[in-house]
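Understanding the architecture of this molecule
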Amino acid sequence: MRKKTENATTLVRVIALIKPYLWLLILSLLFAVITVMTTLYAPVLTGQAIDHVVAAGKVDFEAITPILLRFLIVVGIMAVSSWVMNLCNNRIAFHVVRDLRTQVYAHVQKLPLSYLDSHPNGDTLSRIVTDIDQLSDGLLMGFSQLFTGVVTIAATLGFMLSIHVGIALLVVVLTPVSLFVAAFIAKRTYSLFRAQSKVRAEMTSLVEELVGNQKVVTAFSYEEKAEERFYDVNHRLQKVGLKAIFFSSLTNPCTRFVNGLVYTGVGIFGGFVALTAGPAVLTVGQLSCFLSYANQYTKPFNEISSVITELQNALASAKRVFDLLDEPEQLPDKEDAVVLHGAEGTVGLSHVAFSYVPEVPLLKDVTLNVEPGQRVAIVGPTGCGKTTLINLLMRFYDVKKGSITVDGTDIRDMTRESLRENYGMVLQETWLKSGTIAENIAYGRPDAAMEEIEEAAKASYAHNFIRRLKDGYQTVIAEDGGNLSQGQKQLLCIARVMLCLPPMLILDEATSSIDTRMEVRIQRAFHKMMKGRTSFIVAHRLSTIREADVILVMKDGDIIEQGTHKELLEKGGFYHNLYYSGAPEEQSAE
Amino acid sequence: MLRLARYLKHYKKESIIGPLFKMLEAFFELLVPLVVADMIDNGIAKGDKTYIYRAAFIMVLLGVVGLVCSLIAQFFAAKASVGFGTELRDDLFAHMNRLSYAELDKAGTSTLVTRITSDMNQVQSGVNMILRLFLRSPFIVIGALAAAFLVNAKVAVIFVIATPILTLIIYGIMVLTIPMYSKAQKALDTISLATREGLNGARVIRAFGRCEDETEEFTEDCNRLLKLQKRVGKVSAAMNPLTYVVVNLAIAAIIMQGGKQVDAGVITQGEVIALVNYMTQILNALVALQVLIVSFTKAMASAKRVNEVLDLQPTVLDQDEPAETADQQRKKTDAGTDAPAVVFEHVSFTYPGAKEEALTELNFTVKKGQTVGIIGGTGSGKSSLVNLLPRFYDVTKGAVLIDGVDVREYPQRKLREKIGMVPQKAVLFSGTIRENMKWGKDDATDEEIDEALLIAQAKEFVDAKEGRLDYKLNQGGKNLSGGQRQRLTIARALVRKPEILILDDSASALDFATDAALRRALSERTKGMTVFMVSQRTATIRNADVILVLEDGEVAGIGTHEELVETCEVYKEICQSQVSAEEVGA
């Protein structure tokens, strides 16, 4: 029951989406009725015309000509109205998709990062792309098909009843038989199809593993075994596939056969009526008209039944889209929020606590004062809360307890945008947009002049490699910077920050996958940027740590040690251990 | 597609019977209007009830025969197409297995996966469709035309005019819309891309305050798609009305012209009805054919992609000189007993299709049991160098000798048995730990596996797992940490007790302590094994017997750590970036 009401609310919301196009919808329905009526009326007219074609010397052309003229007019109306109906439907469907998609995308931009962090991107993506398409295909197109189908059935019935009640009833009684046959076969084949897709899935994952790692297969000469395993799945697929394909292909011939029987039944019965009762009750033309109805009558039923499964899928899709839309947006900036401009760089954390889930506190009670221009290195084992700290500083997440201030103002009293503008951020995951290199460097300041872009690239040691690319700054980088090395991407991210040069920095040093000489350049670029700027560095390199003004040693959500490199080493605590276990063993032996 | 037709050769009988029976079914279908006409003319018009009975009987009989034919056709078509698919898939998979690294680089393994899964499914159903339906529609069109001529040539002229017009409309619209649809599809792909980027880059977008710009751009993308969709919608929506008009014009003409013929006593009323029916049958057949062509073009595109894979020729091949007898082989291997383990002689290597050399003029010799450290920046050729040993690629110039014999003279299997490879990416397979370890050696005992795990510093965590060696790994070994995976891949290479072990930067996920313990175990427990160790960390290789410093594919320095620190600028620079000056000085 609950599911029903849920579906109903979803449906209501879908209808709300169509509201701006209400007049189009009305137009579409109107033309649908016209289309159905004219489509059904046409055979009646041909029937009438044929009735005047009796036998040699008994053809009444004077009667036929006006009938055929009328027939052509009806056909013309039908053609125009069905075209217009289709155009209306397309317009509604495509516009609703556009509206909904932009709405959802704008909403996603306003969702708190906690949502995006805790939901796989692939899932959100498929809601925005596939589900919305499914919704429009299923619900909007489905709706118009459903409507046309119902009107067709009703009108066909009406027409048939008006011609001859008995034959009409015969058609009504017999036609569902083919539906039953189709349903029966579908039910039987369903399990076969499930078996097939199971083996298919098995094959896909085997292929993904083996072919996807073909190089390892080659390295270990595993080819023969791989082929054996593939052969096994492949031949199981053959067996189950043959059954599934054969049985599912039965539907068409079987329903056609049943329809043929119905057709025959109508033919005989009609023949008898025409024979015994004479043309006053049923003419030959009317019989031919009946025969064509009998042929078409099952079609809307089949369409409706396929539309209904489509509709159910579409409803599920719609629900997934609406669920995403219903996710609460992040708290809006306060009305009297301050616009932070050119911050000095005093950052204060006072008793900050944070957790993603209440049971697992990530930061417990962090207090810290950073003077303008200080370099803060954050070190500690994985999962100690380093990334969390960055998330809080940038206000990607809000603190649970305590407060964070910049230049003495609580960051919750500032606009998010202005707070973030005062930070330059370079993370380990190097996100680049598909577009030219110049566009990417200018991401923070789209109006930057080309000279400024080059200046920033030079300052971040990226100019050299960019120059060597085929189209230089206009080189288009593929999705996710696919055609660049990890180090090159990192340099571009630095250049991107270099162009804006905000007063405060957040840097996450890359760990691996960058070669050492590239690293030297990145280090240099970092150094240049940090001069005179309050900087927070998630540090992995000893040199960075040593040159920091303050080192925060974090463990299990707390700052357990704090001080300069020298102070901390003398203290001989956790940092001391961390430092020596991280350094080459030879040294620790000294 | 035609090239793939040879995979039907085991199903010759099936691929003939299928279409044949489908045509028979169509033939019976074409008879029905004639029977109805007969019934109207002779039964109803003349008031003969037995005629109606007979007509009914014939129609049911035609239906039954048609059904049987159809079932036979479906069965054989299914059998042939599924058999076709299975054999082709077998071959395709075996072919992929024979490809060398150069071809794999060119095609990309993820592409290969889609080729053998979704593309193959498309091709298979394409074949099924061809066998079942491709002959049917043209047959009905031609059959209906022929029947019309049989009934009355003068009326049949209308058919001759209407059929080409219908064909023109249906295929004209198809030709018009296909490029439009693909444009719309591209626009949709752009939207997917924009969405994906918007999600992946959420932090950066917010950090730079670009949310609104991104939304605006996205709206533009959506509007572009909307425009394209509306345009193609307008054209494709015209098809049904246009064909409907043409068919009905033809029907009106048939009634007029047929009326004249009836008036003249040439044909009967029932035959006029039959002609009208044939006209509708032609339309239905043409529409069915159009749907068919759309899915057929998809299958064709897939077939093309499958053929592309089959066209890839493996470049690394075993020498097939019959002169190379087992005896000579043995001599060579024997000769190798006191030969150096590895010799690079003037080796240069260029990746296929690349302009610049990846490796240039490499010359060095490695003695048995030595440990060689290879260091250098990204793109300096470290991985390329070690990939030449198991002959994943062939050298462009010079030669690589193992045990004194050119690697190209070994059968690939033999050569690779000598080598234990630990690739950069730690790849494990779904299955138990034991199954994974057996990749290295098919008949490895538990003791051998344990020994390998011990050296690879993996024994401790494997012992802690439930079921130890029977512990099941998920696909890609996702239920292990990166470091654990890496240690297992090392153990896997060690199980076969290789003569040469290659560690291609494969300790990157290990912490310093484990890395050190691993190196200690390797040097203590695998006496006589030649080890190539590629690394970014100087700490990992500083104790190697020989260190090879690569820069831009050339040897920038060769020697021990102590020597290189003094003499090699590149090496010094690398060291400096990793450890402080005093450590290098120490």
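Note that this is a predicted model, so its numbers are computed, not measured.

Cut-offs applied
- Residues numbered from 1 in each chain as written.
- Chains lettered and ligands numbered in written order.
- Predicted model: local features only at pLDDT ≥ 70, side-chain atom pairs only at ≥ 80, totals over all residues.
- Helix = DSSP H or I, 4+ residues; strand = E, 2+ residues; numbered from the N terminus.
- Buried ≥ 20, exposed ≤ 12 C-beta atoms within 10 Å, placed from the backbone.
- Contact = placed C-beta atoms within 7 Å.
- Rg over C-alpha atoms; globule rule 2.2 N^0.38 Å.
- Domains from an automatic or database assignment.
- Nonpolar A, V, L, I, M, F, W, Y, C, P; charged D, E, K, R; others polar.
- Pairing = 2+ DSSP bridges.
- Axes fitted to C-alpha atoms, helices over the stretch in contact; angles between N-to-C directions.
- Core = buried A, V, L, I, M, F, W, Y, C linked by C-beta atoms within 7 Å.
- Parallel < 35°, antiparallel > 145°, perpendicular 65-115°, else oblique.
- Left-handed = near helix turned anticlockwise from the far one by under 90°.

**Thoughts on the overall build of chain A**
In terms of regular secondary structure, chain A is built from 22 helices and 12 strands. Projected onto the principal axes, the alpha-carbon positions of chain A cover approximately 120 × 65 × 55 Å. Evaluated residue by residue, chain A yields a buried proportion of 44% over its 590 residues. Here the analysis covers contacts within chain A between residues at least 6 apart in sequence; of these, 79% occur between residues at least 24 apart.

**Remarks on the overall build of chain B**
Assigned secondary structure in chain B consists of 22 helices and 12 strands. For a compact globule of 586 residues, the expected C-alpha radius of gyration is about 25 Å, and chain B comes in at 36 Å, more than 25% above that figure. Counting only C-alpha atoms and orienting by the principal axes, one finds that chain B spans roughly 115 × 70 × 50 Å. Counting across all 586 residues of chain B, residues that qualify as buried make up 47%. Of the contacts formed within chain B by residues at least 6 apart in sequence, a portion of 78% connects residues at least 24 apart.

**Topic: the domain arrangement of chain A**
Here chain A is partitioned into domain 1 (1-164 + 299-329) and domain 2 (433-501). Between the C-alpha centres of domain 1 of chain A and domain 2 of chain A the distance comes to 49 Å.

**A look at the interface of chain A and chain B**
Across the contact, 115 residues belong to chain A and 117 residues belong to chain B. Looking at which element gives the most residues to the side of chain A that touches chain B, the answer is helix α3 (residues 61-110) of chain A, with 24 residues. Split by residue class, the side of chain A that touches chain B holds 60 nonpolar, 38 polar and 17 charged.

**Some details on the sheet that holds strand β6 (residues 423-426) of chain A**
Residue and element names in this part refer to chain A. An order of β6-β9-β10-β3-β11-β12 is seen for the 6 strands of this open sheet, with the pairing classed as mixed. The open sheet terminates on both sides in strands that have one partner only, identified here as β6 and β12 (558-563). Direction aside, the axes of adjacent strands within the sheet are offset by 15° on average. Judged from the 4 bridges that link them, strand β3 (residues 375-379) and strand β11 (residues 550-555) form a sheet pairing that is parallel. Within the sheet, the bridge partner assigned to I378 lies in β11 and is L552.

**Some words on the environment of B:D406**
All names here are of chain B. On the secondary structure map, D406 appears in strand β5 (residues 405-406). Accessibility expressed as a C-beta count within 10 Å gives 16 for D406, which makes it partly exposed. Taking C-alpha positions, D406 is 32 Å from T445, a pair spaced 39 residues apart along the chain. Look past the residues within four positions of D406 in its chain and what remains in contact with it is A399 and L401.

**Some points on the pairing of β3(A)**
All names here are of chain A. β3 sits mainly inside the fold: 5 of its 5 residues count as buried. Burial of β3 is two-sided: the residues R375, A377 and V379 facing one way and the residues V376 and I378 facing the other way are all buried. When β3 meets strand β10 (residues 534-538), the two strands line up parallel, connected through 4 bridges. Looking at the pairing, V376 lines up with F536 of β10.

**Describing the pairing of strand β9 (residues 504-508) of chain A**
Residue and element names in this part refer to chain A. Burial analysis of β9 places 4 of its 5 residues in the buried class, which makes it a mostly covered element. Summarising the sheet, β6 and β9 pair through 4 bridges and their orientation is parallel. What sits directly across from V426, in β9, is L507. Two strands pair when backbone bridges link them, and β9 and β10 are joined in this way by 5 bridges, in the parallel orientation. Each residue of the ladder has a partner; that of L505, found in β10, is S535.

**Re the domain arrangement of chain B**
Each domain of chain B was delimited in the assignment, giving domain 1 (2-311) and domain 2 (424-496). Between the C-alpha centres of domain 1 of chain B and domain 2 of chain B the distance comes to 52 Å.

**Quick word on the nonpolar core**
All names here are of chain B. Ranked by internal contacts, the top residues of the largest apolar core, which has 121 residues, are A491, I502 and F532. With 12 residues, helix α2 (residues 49-98) is the single largest residue contributor to this core. Mapped onto the domain boundaries, this core takes at least three residues apiece from domain 1 (2-311) and domain 2 (424-496). Residues contacting A491, with those up to four places away along its chain left out, are M437, A452, L453, A456 and A458. Listed in part, the 89 residues of the second largest apolar core include A55, L275, Y278 and I282.

**Quick look at the sheet that holds strand β4 (residues 401-406) of chain A**
All names here are of chain A. The strand order β2-β1-β4-β5 describes an open sheet built from 4 strands, whose pairing is antiparallel. On the outer flanks of this sheet lie β2 (360-370) and β5 (409-410), each paired with one strand and no other. Strand direction decides the pairing type here: β4 and β5, joined by 2 bridges, are antiparallel. Of the residues in β5, the one forming a bridge with T405 is D410.

**Section: unusual backbone geometry**
A positive phi angle, close to 55°, is found at A:R395, a residue other than glycine. Taking the C-beta count within 10 Å as the criterion, A:R395 has 20 such neighbours and is therefore assigned buried.

**Some points on the packing of helix α5 (residues 121-163) of chain A against helix α11 (residues 284-326) of chain A**
Residues and elements named next belong to chain A. Where α5 meets α11, the closest approach of the two axes is 6 Å, and the angle between their N-to-C directions is 155°. By the criterion of interaxial angle, the relationship of α5 to α11 is roughly antiparallel. Note on packing geometry: the crossing formed by α5 with α11 is left-handed. The class makeup of the residues in the contact of α5 with α11 is 19 nonpolar, 11 polar and 6 charged.

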